[in-house]
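Summary of the model geometry
Here is what each chain is made of, one letter per residue.
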Amino acid sequence: MSIPATRLHELAEYLASEEASETRHEFYRGRVYAMAGASPDHVSIATYLAAALVSRLRGSDCRVFSTDLRVRTGPDGLYCYPDVGVVCCEPVYADDAPSTLTNPRVLIEVLSNSTAAYDSTTKYAFYTAIPSLAEYLLVAQDRAVVKQHVRQADGSWKVAVYVGLGAGVEFTSLGVTVPMSEIYEAVTLPTDYPQPAGDAG
């Protein structure tokens, strides 16, 4: 995220400006934050992951969406654009922002050097506060590592880490598994780094 504007914006003003803007922005309590452009590897990983989910969820009541769909994390929460998401059953859109989804089941962010800390902490707190959310995934783009947070029956979050192209990411709330080799199919990963034991970001 960039440094916010110096003045506060009304939500209606933000939504109107987004319609006319070629650059996407996040919005939180009157502050507008420009989103940095994504690298080719970032785009490829998000695209291939979305395609893998589409092929496995076809015929179900779940729909996959990409970074062009805005999500609101709560009535007074963050308005943002996840890299990939899944909504199941009937989509529910915000009354004050008709093109903004409020009930995703799965949200996914592809990490970059400039966003990894934000996606792993601040955005994690926003996303996991969404009542409908069952899974939040952080996908590294410089190594084959995916960190998955899964909501448990008691409301806590269990973490699973998938490492290496031979692993498969199990989307427990969707009942599907996506091989890591599909997620990273279009990316050339470096071979001179040690495989980490735990953290994706």
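What comes next is a walk through the structure.

Turning our eyes to something else, we now look at the packing of aromatic side chains. The final tally for this structure, using the stated rule, is six aromatic pairs. Summarising the aromatic geometry, the rings of Tyr124 and Tyr136 are spaced 6.4 Å apart at their centres and angled 35° between planes, so their arrangement reads as tilted. Residue Tyr124 is located in helix H4 (residues 122–128), and its partner Tyr136 is located in strand S10 (residues 135–139); the two are separated by 12 residues in the primary sequence. Judged by relative accessible area, which is 0%, Tyr136 ranks as buried. Three or more aromatic residues joined by ring pairs make a cluster, and in this case those are Tyr14, Phe27 and Tyr79. Taking the ring centre of Tyr81 as reference, the NZ or CZ of Arg24 above it sits at 5.7 Å.

As paired elements, strand S1 (residues 25–28) and strand S2 (residues 31–34) share four bridges and run antiparallel to each other. Note on S2: the bridge partner recorded for Glu26 is Tyr33. The hairpin formed by S1 and S2 contains two residues between the paired strands, and Arg29 there has a positive phi angle of roughly 50°.

Take the side chain of Asp83 next. Within the element layout of this structure, Asp83 appears in the loop between strand S5 (79–80) and strand S6 (84–88). For the buried Asp83, no salt bridge is present, and the opposite-charge side chain at shortest range is Arg24, 5.9 Å distant. Polar side-chain contacts of Asp83 include one of 3.1 Å to the side chain of His42. Aside from chain neighbours lying at most four places away, what touches Asp83 is His42, Ala46, Phe65, Ser66, Thr67, Ile108, Glu109 and Val110.

So, on to the nonpolar core. In this structure, Leu53, Ile108, Val139, Phe171, Leu174, Ile183 and Tyr184 are the most contacted members of the largest nonpolar core, which totals 31 residues. For this core, the elements supplying multiple residues, two or more each, are helix H2 (40–57), S6, strand S9 (106–110), S10, strand S11 (145–151), strand S13 (168–171), strand S14 (176–179) and helix H5 (180–183). Here this core takes seven residues from H2, the largest share from any one element. Residues Phe65, Val87, Phe126 and Leu133 belong to the second largest nonpolar core, which totals 17 residues.

It is worth spelling out helix H1 (residues 11–20) at this point. Because each turn of an α-helix spans 3.6 residues, side chains separated by three or four positions in sequence point in the same direction. Taken as a whole, H1 has its buried residues at Leu11, Tyr14, Leu15 and Glu18. Summarising the axial view, the buried residues of H1 lie within an arc of 95°, below the 170-degree limit, and thus occupy one face. Exposed and oriented more than 90 degrees from the buried face of H1 are Ala12 and Ala20. Looking at the buried positions of H1, the neighbouring elements they touch are S1, S2, strand S4 (70–72), S5 and strand S8 (97–101).

With that settled, consider the side chain of Thr67. Secondary-structure assignment places Thr67 in the loop between strand S3 (62–66) and S4. At 3.3 Å, the side chain of Thr67 and the side chain of Arg24 are in polar contact. For Thr67, the contacting residues outside a window of four places in its chain are Arg24, Tyr81, Pro82 and Asp83.

Here is what the cut-offs are and how they apply
- Residues numbered from 1 in each chain as written.
- Predicted model: local features only at pLDDT ≥ 70, side-chain atom pairs only at ≥ 80, totals over all residues.
- Heavy atoms only, no water.
- Phe/Tyr/Trp six-rings, centres within 6.5 Å; stacked < 30°, edge-to-face > 60°.
- Helix = DSSP H or I, 4+ residues; strand = E, 2+ residues; numbered from the N terminus.
- Buried < 20%, exposed > 50% of the residue type's maximum accessible area, 1.4 Å probe, protein only.
- Lys NZ or Arg CZ within 6 Å of the ring centre and 35° of its normal.
- Pairing = 2+ DSSP bridges.
- Lys, Arg positive; Asp, Glu negative; His and termini not counted.
- Salt bridge = Lys/Arg side-chain N within 4 Å of Asp/Glu carboxyl O.
- Polar contact = N/O pair within 3.5 Å; in protein donor to acceptor, adjacent residues only side chain to side chain.
- Contact = heavy atoms within 4.5 Å.
- Core = buried A, V, L, I, M, F, W, Y, C linked by side-chain atoms within 4.5 Å.
- Arc of directions from axis to C-beta.

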